[in-house]
Amino acid sequence: LPSLGTGTGLNATYYNNLDFTGTSVKRVDPKIDFSWGTGSPVSGIASDTFSVRWLGFIEPLYSEEYTIYIKSDDGMRVYIDNALVVSDYVIHSSREKSGKIRLEAGRTYPIKVEYFENKVSASARLSWSSASQAKEVVPKIQLYTSIPSTVTYQCSDGIDNDGDILIDYPSDPG
């Protein structure tokens, strides 16, 4: 069985404008699965003409090709490991689009999700599937606000038996 993550979600910045400018509100969202309807996404942000940028890391459970799904009203796009995986970044009613990317189990990849709402109804959902992974909303335990862990060597003076200086470093520098 795969090792489940320990994530808490993604860093979210909500902007009171379509183009990630103006007044903003920051918070951590456990997952991207919102149906705001005609309401405001968060206090201080209008119900129309707003945008959201989610940033952090995603950790797949399996080493295989994943399908990344976005279902949104209006525009949404997803970058994983700095590559655009799926985009439907135009004004439209609710619909789903998907793209594919190969991911390795246990590795954390930078993820950026951008969304904008023009008028009327607003929704955003990020899901995934693979040969071994049933389609589901990407769960918070596989989403991280920062690289999830560090490897620490225990020694009293920071120098090992060979005289090497030991430092902490991310377990997945990739």
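As a reminder, the structure under discussion sits directly above these lines.
First, a word on what this report is: a plain description of the structure on this page. Only a predicted model underlies this, so the values are computations on that prediction, with no experimental measurement involved.

**Structural notes on the overall build of the protein chain**
Part 1: Counting its regular elements, the protein chain contains zero helices and 14 strands.
Part 2: Counting from the amino terminus, helix and strand elements in the protein chain follow one another as β-β-β-β-β-β-β-β-β-β-β-β-β-β.
Part 3: A separation threshold of at least 6 residues defines the contact pool for the protein chain, and within that pool the share at least 24 residues apart is 67%.
Part 4: When the accessible surface of the protein chain is totalled, it reaches about 8900 Å², and 49% of it is carbon and sulfur.

**Brief notes about the pattern of salt bridges**
Part 1: Counted under the stated rule, the structure contains eight salt bridges.
Part 2: A salt bridge links Asp-33 to Arg-125; its shortest N-O distance comes to 2.9 Å. Note that Asp-33 is positioned in strand S3 (residues 33-37) and Arg-125 in strand S10 (residues 122-130), a separation of 92 residues in sequence.
Part 3: Of the charged contacts, one joins Arg-102 and Glu-104 as a salt bridge, the two residues approaching to 3.5 Å between their closest N and O atoms.
Part 4: We classify Glu-104 as partly exposed; its relative accessible area is 33%.
Part 5: Taken together, the shared-partner salt bridges in this structure form one network comprising Arg-53, Arg-77 and Glu-114.

Cut-offs and rules
- Residues numbered from 1 in each chain as written.
- Predicted model: local features only at pLDDT ≥ 70, side-chain atom pairs only at ≥ 80, totals over all residues.
- Heavy atoms only, no water.
- Helix = DSSP H or I, 4+ residues; strand = E, 2+ residues; numbered from the N terminus.
- Contact = heavy atoms within 4.5 Å.
- Areas by Shrake-Rupley, 256 points an atom, 1.4 Å probe, with all protein chains shown as cover.
- Salt bridge = Lys/Arg side-chain N within 4 Å of Asp/Glu carboxyl O.
- Buried < 20%, exposed > 50% of the residue type's maximum accessible area, 1.4 Å probe, protein only.

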